[in-house]
Amino acid sequence: KFDPKTLVLLDINENTLYMLKQEILRGIRQGKYRADVQLETLIVSIRERDEIFKILKKYQPDVVYHAAAHKHVPLMEDRPTEAIRNNVFGTKNVIDACIANNVQRFIMISTDKAVNPTNVMGATKRMTELILQSRETDKPIKMAAVRFGNVLGSNGSVIPIFKEQIKQGGPVTITDKNIQRYFMTIPEAAQLVLQAGYYANHREIFVLDMGKPVKILDLAEKMIRLAGKVPYKDIEIQEIGLRPGEKMFEELALEIEKCHKTDNNLIFVHERMDISQDDIDQKLKVLDDTIEKTDDIYEIKDILMKVIQ
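So, how was this worked out
Residues numbered from 1 in each chain as written. Predicted model: local features only at pLDDT ≥ 70, side-chain atom pairs only at ≥ 80, totals over all residues. Heavy atoms only, no water. Helix = DSSP H or I, 4+ residues; strand = E, 2+ residues; numbered from the N terminus. Pairing = 2+ DSSP bridges. Contact = heavy atoms within 4.5 Å. Axes fitted to C-alpha atoms, helices over the stretch in contact; angles between N-to-C directions. Salt bridge = Lys/Arg side-chain N within 4 Å of Asp/Glu carboxyl O. Buried < 20%, exposed > 50% of the residue type's maximum accessible area, 1.4 Å probe, protein only. Expected span 1.5 Å × (residues − 1). Patch = residues over 30% accessible without salt bridge, like charges linked within 9 Å, V, L, I, M, F, W, Y side chains within 5 Å. Areas by Shrake-Rupley, 256 points an atom, 1.4 Å probe, with all protein chains shown as cover. Lys, Arg positive; Asp, Glu negative; His and termini not counted. Charge placed at Lys NZ, Arg CZ, Asp CG, Glu CD.

For the peptide bond that leads from Gly-170 to Pro-171, omega is -5°, which places it in the cis range. For Gln-60, which is not glycine, the phi torsion reads 45° and is therefore positive. Even without a glycine there, the phi angle at Arg-203 is positive, about 60°. Among the structural elements, Arg-203 can be located in the loop between helix H7 (186-199) and strand E10 (204-208).

Shown next as structure tokens:
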């Protein structure tokens, strides 16, 4: 809707990339987007450092929005090596390629789980924030990370899961009846990320105000009623216990208290911490050596938690 001249879409998942292209082409046919937008859809993994460099050199984008990551908390607890290779070193590849190819603006999607992380996924995202804030360059690139909570209806989020469980006749499963999460819709999240990108100046971390946290039990009951059923009568709600690495409450609200406001009341900003690139690169080497020498998930997680301190 902002009339870009060219959109270069990179993804390792060919199905979602294909569907995204079809969605944009449909929008062009319906007159929602300009007809002459150049659309490039390229299969690539952020782990392929040389390929990322080649693509950025070829297309010379003005702005890069980096949303590629493994994000499912329990899956990453079981395979921390994958989380580190993809989220940490994949992100470093993208940042390095952006700096080398004169990208003007780099915006990275982070998560509320990067605040005092208790799980591998959150810790890897915190590490990417440290990489971003530590880069030393004389290039005029503006870089920032944007932290927010759960996006309603996104892949693997709770609403599609509840919907499917209700369709199957239940039970709807929740980890704990007191667990709370922050939510926003896909359009809200996309708009706020674009706006935060506009405010990016000097490697800040932006935190989105997601309103009040929602009790997952209330959400489950509401969805059952919306489906025309009665909770606990037609559809059971079952408590199954917290998953590995999961918190009862995410800590976005506490973070906002440490930030200051931007011109947009929903976007807060953390000033850049003074972090040395040599220090972070040394920590990255420790991480790399660890995942090369061992597959012990407890040892890997222990080292990961130490390097982000």
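Moving on from the model shown.
This paragraph deals with the sheet that holds strand E14 (residues 267-270). Read across the open sheet, the 6 strands follow the order E3-E4-E5-E10-E14-E13; overall the sheet is mixed. In the strand order of this sheet, the two ends are held by strand E3 (63-66) and strand E13 (260-261), each with one partner. Sheet analysis places E13 next to E14, joined by 2 bridges and oriented antiparallel. When the sheet's bridge partners are listed, His-260 is paired in E14 with Val-269. With respect to the sheet, H7 is in contact with E3, strand E4 (105-109), strand E5 (142-147), E10 and E14, its orientation differing from that of E4 by roughly 140°.

This part is about the pattern of salt bridges. The full count for this structure, using the stated rule, is 19 salt bridges. Glu-82 is paired through a salt bridge with Arg-47; the nearest N and O atoms lie 2.6 Å apart. One end of the pair, Glu-82, is in helix H4 (residues 80-100); the other, Arg-47, is in the loop between strand E2 (38-43) and helix H2 (49-59), with 35 residues separating them in the sequence. A relative accessible area of 24% places Glu-82 in the partly exposed class. A relative accessible area of 30% means that Arg-47 is categorised as partly exposed. Arg-147 serves as the salt-bridge partner of Glu-129, at 2.6 Å between the closest nitrogen and oxygen. One end of the pair, Glu-129, is in helix H5 (residues 120-134); the other, Arg-147, is in strand E5, with 18 residues separating them in the sequence. In this structure Glu-129 comes out as buried when scored by relative accessible area, which is 0%. Accessibility expressed as a relative area gives 4% for Arg-147, which makes it buried.

Take H4 next. Here H4 spans 29 Å end to end across 21 residues, near enough to the 30 Å set by a 1.5 Å rise per residue. Counting buried positions along H4 yields 18 of 21 residues, so the element is predominantly enclosed. Downstream of H4 by a residue or two, Asn-102 has a phi angle that is positive, lying close to 60°.

What follows deals with a positive patch on the surface. There is a patch of like positive charges on the surface, built from Lys-1, Arg-26, Arg-29 and Lys-32. The topology assignment puts Arg-29 in helix H1 (residues 14-29).

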